[in-house]
Amino acid sequence: MSSTETDLLHDSIDRLTQDERLPAGLAGRAFRRQRHRRIALRAATAGTAVVAAGVIATVALPGAAPRAGHQGPPAQAGAAAQTPTARTPVALTAAYVSSHTERALAAAQRKNLVEEIHTVGQNYPLGLTQVLSFHLDGGGTGHVVEQAGPTANQENVWSYRGQLREQGLDAAGKPVFDASSTTAQSPAGSRTVLNVSGTGVDYTSRAWWRSSLQLSLPAPAGQTACASAFLPPPVGTTLDWAAQIRTALSCGHFQMAGHEQIGPTDAIKLVSVKVNGPYTVTLWVDPSTYLPIRLIWNWLDPRAQGPGTLTGDFQWVKPTQENLGALQVAVPDGFTQKHSGGLPVPGINL
Amino acid sequence: MGRDDDGTRPPARRPAMDEVERLLAERGEHLMRAAIALTGNRSDGEDLLQAALERLLRHWGRVEGDAEGYLRRTLYNMAADGWRRRGAWLRKLPLVHAGGRHGPAADAVDTVDLRDALGRALAQLPPRQRAVLVLRYWEELSQAETAELLGCAEGTVKSAAARGLRRLRELTAPWDDHRPQLTEKR
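Residues numbered from 1 in each chain as written. Chains lettered and ligands numbered in written order. Predicted model: local features only at pLDDT ≥ 70, side-chain atom pairs only at ≥ 80, totals over all residues. Heavy atoms only, no water.

Novice: Go over the overall build of chain A with me, naming the residues and quoting the values.
Specialist: A tally of helices and strands in chain A yields seven helices and 15 strands. Out of the 350 residues in chain A, the part that is buried amounts to 53%. Restricting the contact set of chain A to residue pairs at least 6 apart, pairs at least 24 apart contribute 60%. As presented, chain A carries roughly 14,500 Å² of accessible surface, and 52% of it is formed by carbon and sulfur atoms. (Helix = DSSP H or I, 4+ residues; strand = E, 2+ residues; numbered from the N terminus. Buried < 20%, exposed > 50% of the residue type's maximum accessible area, 1.4 Å probe, protein only. Contact = heavy atoms within 4.5 Å. Areas by Shrake-Rupley, 256 points an atom, 1.4 Å probe, with all protein chains shown as cover.)

Novice: Hey, could you go over the pairing of strand β5 (residues 163-169) of chain A for me, with residue numbers and the actual values?
Specialist: All names here are of chain A. Counting buried residues along β5, six of its seven residues qualify, which places the element largely inside the surrounding structure. Pairing of strand β4 (residues 154-160) with β5 involves seven bridges; the strand directions are antiparallel. Bridge pairing in β5 links Q154 to L169. The turn linking β4 back onto β5 is made up of two residues, and R161 within it adopts a positive phi angle of 45°. (Pairing = 2+ DSSP bridges.)

Novice: So what's going on with the packing of aromatic side chains? Which residues, and what values?
Specialist: Working definition: an aromatic ring pair is given by the centre-to-centre distance plus the angle between the planes. Residue and element names in this part refer to chain A. Scanning the entire structure with this criterion turns up three aromatic pairs over all chains. Summarising the aromatic geometry, the rings of F314 and W316 are spaced 5.9 Å apart at their centres and angled 10° between planes, so their arrangement reads as stacked. Each member of the pair, F314 as well as W316, is classed as buried. In this arrangement the basic side chain of K338 is found over the ring face of W209, its NZ or CZ atom lying 4.5 Å from the centre. (Phe/Tyr/Trp six-rings, centres within 6.5 Å; stacked < 30°, edge-to-face > 60°. Lys NZ or Arg CZ within 6 Å of the ring centre and 35° of its normal.)

Novice: Explain the packing of helix α1 (residues 5-17) of chain A against helix α1 (residues 15-39) of chain B residue by residue, including any values.
Specialist: The N-to-C vectors of α1(A) and α1(B) enclose an angle of 110°; their axes lie 9 Å apart at closest approach. The angle between α1(A) and α1(B) falls in the class roughly perpendicular. In contact with I13(A), D14(A), L16(A) and T17(A) of α1(A), α1(B) contributes R33(B), I36(B) and A37(B). Looking at the contact of α1(A) with α1(B), its residues break down into four nonpolar, one polar and two charged. (Axes fitted to C-alpha atoms, helices over the stretch in contact; angles between N-to-C directions. Parallel < 35°, antiparallel > 145°, perpendicular 65-115°, else oblique. Nonpolar A, V, L, I, M, F, W, Y, C, P; charged D, E, K, R; others polar.)

Novice: So, unusual backbone geometry: which residues are in play, and what are the values?
Specialist: Residue Y290(A) is not a glycine yet carries a positive backbone phi of 60°. Mapped onto the secondary structure, Y290(A) falls in the loop between β11 (279-285) and β12 (292-299). A positive phi angle, near 60°, is found at E140(B), a position not held by glycine. With respect to the helices and strands, the residue E140(B) is situated in the loop between α7 (127-138) and α8 (143-150).

Novice: Account for α1(B), with residues named and values stated.
Specialist: All names here are of chain B. Relative to the 36 Å expected for 25 residues at 1.5 Å per residue, α1 spans just 30 Å between its end C-alpha atoms, considerably shorter than the ideal helical length. The largest bend along α1 measures about 70° and falls at R27. Downstream of α1 by one or two residues, G40 has phi in the positive range, about 95°. (Expected span 1.5 Å × (residues − 1). Bend = angle between axes of the 7 residues up to and from the residue.)

This is a description of form; function is not addressed.
Laid out in structure tokens, this is it:
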């Protein structure tokens with residue numbers, strides 16, 4: 001045994017990895033995957049002459065103009081979550097704003113508001129992955145077999161009570177993919193069973209498919225929420241954005257940074273004070289509802305792909321028949337149904 | 001069924017591919033070990049290394065002759081950033097890892113020595129702390145070298161290492177009788 005525990009740690013990592021060998025064909029697989037990805041990217045970003053203009057136009061007026069590619073109905077009053085209140089004359093503290101925003105998010109969930117998010121990434125390609133299979137081995141490790149799909153520059157996301165729709169668009173607002181999923185969760189003894197079913201549409205190959213997966217997961221052990229709960233880097237799939245924001249707020253991860261105009265709203269600005277990685281998060285909330293209206297992640301350090309950002313613009317709308325209709329994926333006429341597609345899971349193509 | 005292992009015809013080979021294969025022949029084993037240390041198991045380690053290789057190939061034009069350095073930086077930075085984040089339910093996978101295998105209470109009844117316990121406890125740390133500890137105490141880089149590789153301040157490395165070691169101490173508390181003093185080297 002070594003004389004210091006850090007030496008012991010060195011030994012333990014040595015032991016953990018000592019008999020491991022490089023698997024055969026790793027470089028070949030990486031090469032093939034990269035080649036497929038390049039082909040998909042080429043297809044998805046055709047017509048890049050309008051990329052910059054499209055992104056800027058989309059970001060410039062969040063909530064003030066119809067969003068590019070937004071096929072759902074116009075958003076309704078986001079202020080439905082709470083009775084509008086006048087801005088408090090006292091100085092707002094981070095704790096005050098955080099607790100009100102947490103409560104507003106909880107109220108939005110109770111009142112079944114539909115959460116709509118429009119995201120734009122920079123150095124953060126949003127892709128549609130097909131999960132072909134998933135299983136847990138005896139040691140509890142999840143194994144995912146997946147196939148990369150087309151990549152988008154921006155996404156529209158609708159989320160409502162376990163239903164999720166994510167529509168990937170190119171920079172000009174033209175659909176690249178569309179995917180919806182419904183997750184039903186049920187406890188089964190010491191495990192949780194998730195039944196996820198989804199519909200995917202790939203505009204680059206003019207194909208669509210339906211798929212489902214059942215996942216039996218061990219019930220999560222007690223977590224030290226605040227230690228690891230800072231808003232993770234943008235993940236593309238945004239089913240839990242509201243929950244993640246609530247956790248980060250409850251852990252005191254934000255400080256006040258004044259007010260800033262976001263579209264027509266003189267929004268309260270909060271910036272992250274505790275980071276779990278080389279990124280910062282800025283959150284703007286509506287002072288009349290305390291619901292988030294914008295969230296931006298920034299990567300600060302220069303790394304392989306350069307600094308990145310992802311912007312999410314939020315709207316909270318009532319669950320009217322029209323708004324709920326936005327959760328449904330429409331398959332365009334003439335698209336071919338595939339019978340072997342995996343569960344469509346939009347997210348980050350790393 | 002594997003990723004792209006679908007029997008498709010291999011693409012035409014390129015100089016980048018030859019260079020990558022040469023690099024893996026020389027340094028692949030060490031990189032694989034690092035990837036396993038960063039992810040906690042072989043299958044995730046393979047996936048991480050493959051993803052880093054894909055990124056290397058994607059940005060081959062920027063590599064400027066230092067493919068190993070680029071691959072190494074990418075591997076550690078992807079691991080430090082949490083790497084596998086795709087999909088809402090896929091994000092549950094780390095919980096699966098943490099909840100399924102690494103409970104110190106379960107280990108306490110086993111005849112497992114502190115070294116093994118430390119190896120498993122490492123997998124429970126947040127990705128950035130884990131990357132810092134692997135770089136500092138397995139790769140034996142200095143604080144400055146670690147900070148440069150991860151693209152962060154030395155202070156960040158120092159605090160991540162201190163927090164990681166403290167957490168390891170907590171996770172391996174059942175072995176306190178066998179533990180030498182845990183110190184952070186400079």
